[in-house]
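Structure at a glance
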Amino acid sequence: MFQRRAMVATPTLDRYDIAHLAGGARRVAETALVGLRGRGVITVLGPQVRAAASTDGPAGEGADHPVERALVALCPVSRSVASVLADVARGAETAAIERRLVAYGLRTRYRRRLTHAGRRSLEAAVREGVLPAYVFEGPAAVPDRRLSRVIRGAELPSGLGKSMLRLGKALDSDRDSAHDSDTHSGSGHSCGGGGGGGD
């Protein structure tokens, strides 16, 4: 007699596998959005996203992963960040990642929770320190604060999300005005040089 093993040998996990372990399908979508925007493959203006125009090749060139290509394909024209993130999170490419993690024994088969092996893989990825913090921690760890607010606003009901984005922009304007005022008055104080604790 033999016992069929449910798990297969776990290969090297990529950033989207790790993102799924850290935050599920939504984190996969957020990771793709931030990465593509950082490489100039997409543009994000306020709460809208679209594929960037390319003079060297077809739009979306530089999207190397199936999840990235799916995201770019969703926005040949401007679309809301909220709708694009939702579509990528429930798309076939993201579902394939989840099925693969289940097959590897990193998520449970029925409730899709992290297994002990899944937690160990996630902890190992954190220790390696190779991937950006937002892969593990989500939008709050995105270095660009405006983009961070856009993504966090996209998690809220549409009306409330827009209100939060407007509030964020107003706070930025207030901070800029206060900084200009301090500079002109010769106060000599400088705004935080990277040592602040964030929001």
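Just so it is clear, the model here is predicted, and its values are computed rather than measured.

For the rest of this paragraph, the subject is the overall build of the protein chain. Counting its secondary structure elements, the protein chain contains 8 helices and 3 strands. Along its sequence from the N terminus, the protein chain presents helices and strands in the succession α-β-β-α-β-α-α-α-α-α-α. The 199 residues of the protein chain split such that 35% are buried. Considering only contacts within the protein chain whose residues lie at least 6 apart along the sequence, 62% involve residues at least 24 apart.

Moving on to the sheet that holds strand S2 (residues 48–51). Read from one edge to the other, the open sheet built from 3 strands follows the order S1-S2-S3, with strand pairing classed as antiparallel. At either end of the open sheet lies a strand with only one pairing partner, and these are strand S1 (42–45) and strand S3 (79–80). Where S1 lies against S2, 4 bridges are found, and the strand directions are antiparallel. Note that in S2 the partner of Thr 43 across the bridge is Arg 50. Of the strands in this sheet, S1 and S2 touch helix H1 (residues 15–38), which is tilted by about 105° from S1.

Now for the nonpolar core. Membership of the largest hydrophobic core comes to 41 residues, with the highest contact counts inside it found for Ile 18, Leu 33, Ile 42, Val 44, Val 49, Leu 71 and Val 81. Tallying contributions element by element places H1 first for this core, with 10 residues. Ignoring sequence-local partners within four residues, the contact set of Ile 42 consists of Leu 33, Leu 36, Arg 37, Val 49, Arg 50, Ala 51, Ala 52, Leu 71 and Val 72.

Moving on, we come to helix H7 (residues 145–153). In an α-helix there are 3.6 residues to a turn, and that puts residues three or four apart on one side. Those residues of H7 lying buried are Leu 147, Ser 148, Arg 149, Val 150, Ile 151 and Gly 153. Between the side-chain oxygen of the N-cap and the backbone nitrogen of Arg 146 there are 3.0 Å, and the N-cap of H7 in question is Asp 144.

Thresholds applied
- Residues numbered from 1 in each chain as written.
- Predicted model: local features only at pLDDT ≥ 70, side-chain atom pairs only at ≥ 80, totals over all residues.
- Heavy atoms only, no water.
- Helix = DSSP H or I, 4+ residues; strand = E, 2+ residues; numbered from the N terminus.
- Buried < 20%, exposed > 50% of the residue type's maximum accessible area, 1.4 Å probe, protein only.
- Contact = heavy atoms within 4.5 Å.
- Pairing = 2+ DSSP bridges.
- Axes fitted to C-alpha atoms, helices over the stretch in contact; angles between N-to-C directions.
- Core = buried A, V, L, I, M, F, W, Y, C linked by side-chain atoms within 4.5 Å.
- Polar contact = N/O pair within 3.5 Å; in protein donor to acceptor, adjacent residues only side chain to side chain.

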